[in-house]
Amino acid sequence: MANGTIAFDILSTSGQISGTAKSLDTDYLAYGSAKAWANIQLDDTVMDNFNSSAFTDNGTGDITHSFSNNMGNINYVSIGFNIRNNDGGTGWCGGYGSDSESDIKNTTSATRIQHYNASNSAEDMRRAMVTVQGDLA
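All of these numbers come straight from a predicted model, not from anything done at the bench.

Thresholds, definitions, all that
Each chain has its residues counted from 1, running along the sequence as written. Under the rules for a predicted model, residues below a pLDDT of 70 receive no local features and side-chain atom pairs below 80 are neither given nor counted, while totals for whole chains, interfaces and linings still include all residues. As a convention, hydrogens and water are excluded, and side-chain values are obtained from all of the structure's heavy atoms. What makes a salt bridge here is a side-chain nitrogen of Lys or Arg within 4 Å of a carboxyl oxygen of Asp or Glu, nothing more. Only DSSP runs of H or I reaching four residues or more are called helices, and only runs of E reaching two or more are called strands; each is numbered from the N terminus. For every residue, the accessible area (1.4 Å probe, protein chains only) is compared with the maximum for its type, and the residue is labelled buried under 20%, exposed over 50%, or partly exposed between those bounds. For two strands to count as paired, DSSP must find a minimum of two bridges between them. Under this scheme, a helix contributes an axis fitted over its contacting stretch, all axes are lines through C-alpha atoms, and angles between N-to-C directions fall in the 0 to 180 degree range. Pairing of aromatic side chains here covers Phe, Tyr and the six-membered ring of Trp, requires ring centres within 6.5 Å, and sorts the geometry by plane angle: under 30 degrees stacked, over 60 edge-to-face, intermediate tilted. We call two N or O atoms a polar contact when they sit within 3.5 Å, provided that within protein one can donate a hydrogen and the other can accept it, with sequence-adjacent residues counted only if both atoms are side-chain atoms. Should any heavy atoms of two residues lie within 4.5 Å, those residues are considered in contact.

**Q** Hey, could you run me through the pattern of salt bridges in this one?
**A** Should the charged atoms of two oppositely charged side chains come close, the side chains can pair. Here the structure, examined in full by the defined rule, presents two salt bridges. Across the pair D62 and R112 runs a salt bridge, and its minimum N-O distance is 2.6 Å. Remark: R112 occurs in strand β9 (residues 110–117) and D62 occurs in strand β6 (residues 62–67); sequence separation between them is 50 residues. With relative accessibility at 6%, the residue D62 sits in the buried group.

Right, here's the structure in full:
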């Protein structure tokens, strides 16, 4: 059996679900869609994910998300989100590292996100979510 290449600029469907035909520019698939995402619970239960191979609990509010398929370089964008426990309030999260360019903790195989409460204290959230935009290797 020979392997070949299928090339096209627009992906079209017959619209069997909605009854209306749809099309999608393949550049969007390559450049505009998330390359990895995950939604995990406080007890490390994976609710759902894409291109995520493992999660490491590094301590309070500190999670490393490992990719099944590596990113092309360390300059991708990681966007974190969280849902706090039943005590309500707000929380925020950010990438792990310092103000030094050489101390960025992203690697091509994983991203590390820290979760904080409104008092800027690290906190394990009820749900920790991340999405990653960039180029795959």
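**Q** Would you mind showing me how to read the sheet that holds β6 here?
**A** Read from one edge to the other, the open sheet built from four strands follows the order β5-β6-β9-β8, with strand pairing classed as antiparallel. The open sheet has two edge strands with one neighbour each: β5 (52–59) and β8 (91–95). Across the sheet, the mean angle separating the axes of adjacent strands is 25° when strand polarity is ignored. One ladder, built from five bridges, connects β6 with β9; its direction is antiparallel. Within β9, the position partnered with D62 by the bridge is Q114.

**Q** So what exactly am I meant to see when it comes to the pairing of strand β4 (residues 46–50) here?
**A** A regular strand places its side chains on the two faces of the sheet in alternate fashion. Where strand β3 (residues 36–41) lies against β4, four bridges are found, and the strand directions are antiparallel. Bridge pairing in β4 places A38 opposite N49. Counting the residues that bridge the hairpin from β3 to β4 gives four residues, and of these D44 lies at a positive phi of roughly 70°.

**Q** For this particular structure, what's the right way to read the packing of aromatic side chains?
**A** How two aromatic rings sit relative to each other is set out by the distance from centre to centre and by the angle between their planes. Enumeration according to the criterion identifies two aromatic pairs in this entry. Ring geometry for F67 and Y76: centres 5.7 Å apart, planes at 80°, overall edge-to-face. Across this residue pair, the class does not change: F67 and Y76 are buried. Each ring, one from W92 and one from Y116, has its centre 4.6 Å from the other, and the planes form 20°; the classification is stacked. Of this pair, W92 sits in strand β8 while Y116 sits in strand β9, placing them 24 residues apart in sequence. Given a relative accessible area of 19%, Y116 falls into the buried group.

**Q** I tried to follow the side chain of R84 on my own but got confused; where do I start?
**A** Within the secondary structure layout, R84 lies in the loop between β7 (77–83) and β8. Assessed through its relative accessible area of 14%, R84 is described here as buried. At 2.9 Å, the side chain of R84 forms a polar contact with the side chain of E123. Those residues in contact with R84 that lie beyond four places of it in its chain are G89, T90, G91, N117, E123, M125 and R126.

Structural measurements only, silent on function.
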